[in-house]
Amino acid sequence: MVNPLKPLIRIGSYRSVPFGLLGMAITAIPFPIALIPAVLIPGDVRAKMAYGVLAMGVLVALAGLPGPMRRVGIWFSNQMMGTRIAQPPPDTKVAWPERWRSAAWLVVHTGLGWVLFGLGCFLFLGFVLTLVWATGGGSPIAIFGEQVTIEPGAAGAWTLPIGFFTLVVIAYVLAGFTKLFQYSAVALLGPSAAERVAAAEVRANHFEQRNRLARELHDSIGHTLTTSTIQAAAAAELVDSEPQLVRQALGTIEESSRVALEDLDHVLGLLRDDRSSREPERRLIEAGTLAERARAGGAVIDYELTGPAAELPATVSREAYRIVQEGLTNALRHAHPGPVTVRVAVLADALRIEIVNPLVEHAVASGRGGNGLPGLTERVEALRGELVAGPAIDGEPLWRLVTTIPLRSRS
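Predicted, not measured: the structure shown is a model, and the values here were computed from it.

Reading guide: rules and limits
- Residues numbered from 1 in each chain as written.
- Predicted model: local features only at pLDDT ≥ 70, side-chain atom pairs only at ≥ 80, totals over all residues.
- Heavy atoms only, no water.
- Helix = DSSP H or I, 4+ residues; strand = E, 2+ residues; numbered from the N terminus.
- Buried < 20%, exposed > 50% of the residue type's maximum accessible area, 1.4 Å probe, protein only.
- Contact = heavy atoms within 4.5 Å.
- Areas by Shrake-Rupley, 256 points an atom, 1.4 Å probe, with all protein chains shown as cover.
- Pairing = 2+ DSSP bridges.
- Axes fitted to C-alpha atoms, helices over the stretch in contact; angles between N-to-C directions.
- Parallel < 35°, antiparallel > 145°, perpendicular 65-115°, else oblique.
- Left-handed = near helix turned anticlockwise from the far one by under 90°.
- Nonpolar A, V, L, I, M, F, W, Y, C, P; charged D, E, K, R; others polar.
- UniProt positions renumbered as here; feature names shortened; annotations may be inferred.
- Arc of directions from axis to C-beta.
- Phe/Tyr/Trp six-rings, centres within 6.5 Å; stacked < 30°, edge-to-face > 60°.
- Lys NZ or Arg CZ within 6 Å of the ring centre and 35° of its normal.

### Some thoughts on the overall build of the protein
Tallying secondary structure elements over the protein gives 13 helices and seven strands in all. Counting every position in the protein, which comprises 411 residues, the buried fraction comes to 39%. Contacts spanning at least 24 positions in sequence make up 70% of the contacts within the protein whose residues lie at least 6 apart. Only carbon and sulfur atoms are counted for the fraction: they give 65% of the accessible area of the protein, which is about 23,300 Å².

Now the structure itself:
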């Protein structure tokens, strides 16, 4: 059930007072200019007033046309009226349809401010009548040109209910104007269809960035943990008999962990919006180090890179490195110690990556040879490539992952 006294007890119902005064204050600057046509154009007083009001409206509308005024109006509405209007994306230009809406809002804002002021003064007269009676009466009051004398004592008691009723009416009027100010701000300053599309693109880019960060962490940290686990297990077995190999394995774990920390630092820098953080340069030509680290842990890796990998575009080279990293990680998880075969070929019109590993029993049961395939698929599709993963067609107990990424022809 709605409480009819709610506007009387909620301070937020009276936000229209400072907001209306702000609208009146805005007209103080163009007011002297608006008097010029009212003085120069001949006619009676009413005509001059009409000209002055029209000139004032035009000047206020022109003040609302600049693009920054839209952001200023949204900020003031949100701060003073409690609205939740979204600001336009920071790097977008305010179009003319939105500017005209901002101009209309400024005119409505100042107009409602003056109406609220006039109506409030009129209603306040009823309260003044009560004060006159309460102080003894006898003082004449001019109301609309008529002299009204409040009799003292019981004869003037008729002003008492009028005064209290007027206070209640004033409270509801202020609450109603608060709603009007809020509605006009939302209707005229709210996002248009074009701004909604721009905001949706910003959110989509944000989500895409977060997904990319998740893939980076999954690929880099996952590969490091997998290879470190394998190398630590091998070192535990050789700690007594082959201390030199153990030291080599520990060194490899240290190196791969340092690389993973660099990647982690980059991702955390992006999450903090740290513009000084630079993304580590991982290129396809460096993918051989992934195989070397795995071999140091006892894995059997047959890695081969053919073609001009150094000439690949930076984006393709970076994503190809991550594809090899994730594919090799998945293979080691399911086929350690191997053998795992990695073939990377940079052809004239395409980049082809093939990773083959033994298909173990649990991989046969699940129908897949590793985790992270959705992330790999996203990377490949972003480069307009194709990815095929599954058991070998010839019936051998092998899992094969083949990625083909088209390249622009090089002259």
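Moving on from the model shown.
### Digging into the pairing of strand β4 (residues 340–346)
Looking along a regular strand, one sees the side chains alternate between the two faces of the sheet. Burial runs high along β4: five of the seven residues are buried. Pairing geometry for strand β3 (residues 301–306) and β4, over six bridges, is parallel. Note that in β4 the partner of T306 across the bridge is A345. Note: β4 against strand β5 (residues 350–358), six bridges, orientation antiparallel. Paired with V344 across the two strands is I353, which belongs to β5. Linking β4 to β5, which pair antiparallel, is a turn of three residues.

### Regarding helix α10 (residues 288–296)
Three or more residues of α10 are buried, namely G288, L290, A291, R293 and A294. The first or second residue beyond α10 is G298, which carries a positive phi of 100°.

### Points about the packing of helix α2 (residues 16–26) against helix α7 (residues 159–189)
Contact geometry for α2 and α7: axes closest at 9 Å, N-to-C directions at 60°. What the angle tells us is that α2 and α7 run oblique. Considering only the axes of α2 and α7, their crossing is left-handed. Along the contact surface, α2 presents S16, V17, F19 and G20, while α7 presents L174, F177, T178 and F181. Classifying every residue of the contact of α2 with α7 gives five nonpolar, three polar and no charged.

### Concerning the sheet that holds β4
Spatially, β3-β4-β5-β7-β6 is the arrangement adopted by the five strands of the open sheet, whose pairing is mixed. What marks the edges here is a single partner per strand, and that holds for β3 and β6 (386–391). When strand polarity is set aside, the average angle formed by the axes of neighbouring strands in this sheet is 5°. Sitting on the sheet, helix α13 (residues 373–382) is in contact with β6 and β7 (398–406), with an inclination near 150° to β6.

### Some details on the environment of W399
Following the sequence through the fold, W399 ends up in strand β7. Sequence spacing of W399 and I355 is 44 residues, and the spatial spacing of their C-alpha atoms is 8.2 Å.

### As for the UniProt feature "transmembrane region" (unreviewed entry) in the protein
The UniProt feature table records "transmembrane region" (unreviewed entry) at residues 21–43, 49–67, 103–134 and 154–175. Along residues 49–67, the helical share is 84% and the strand share 0%, with 31 Å between the first and last C-alpha atoms.

### Looking at the pairing of β5
For β5, a buried count of seven out of nine residues is recorded, marking the element as mostly surrounded by other parts of the structure. When β5 meets β7, the two strands line up antiparallel, connected through nine bridges. Note on β7: the bridge partner recorded for P358 is L398.

### Notes on unusual backbone geometry
The backbone of R384 shows a phi angle near 60°, a positive value even though the residue is not glycine. As for its position among the elements, R384 is in the loop between α13 and β6. Residue R384 is classed as exposed on the basis of its relative accessible area, which comes to 64%.

### Some remarks on α13
Looking only at α13, the buried set comprises L373, L376, R379 and V380. Down the axis of α13, the smallest arc covering the buried residues is 125°, so these residues share one side. Exposed residues on α13 whose side chains face more than 90 degrees from its buried face are P374, E381 and A382. A positive backbone phi angle near 60° is found at R384, which sits one or two residues after α13.

### Let's talk about the packing of aromatic side chains
Tallied over the entire structure, the rule returns four aromatic pairs. Between W75 and F76 the ring centres are 5.1 Å apart and the planes differ by 85°, which places this aromatic pair in the edge-to-face class. You can call W75 partly exposed: its relative accessible area is 46%. Taking the relative accessible area as the measure of exposure, F76 reaches 29% and is therefore partly exposed. Note on W114 and F117: the rings are 6.1 Å apart at their centroids and 85° apart in plane angle, and the pair reads as edge-to-face. With W114 and F117 both in helix α6 (residues 96–134) and three residues apart, the pair spans about one turn of that helix. Taking the relative accessible area as the measure of exposure, F117 reaches 42% and is therefore partly exposed. Positioned over the ring face of W96 is R99, at 4.8 Å from the centre of the ring.

### Quick look at the packing of helix α5 (residues 67–81) against α7
Relative orientation of the contacting elements α5 and α7 amounts to 145°, with a least axis distance of 11 Å. The handedness of the crossing between α5 and α7 is left-handed. Listed contacts from α7 to R70, G73, I74, S77 and M81 of α5 are T178, F181, Q182, A185, L188 and L189. Counted by class, the contact of α5 with α7 contains six nonpolar, four polar and one charged residues.

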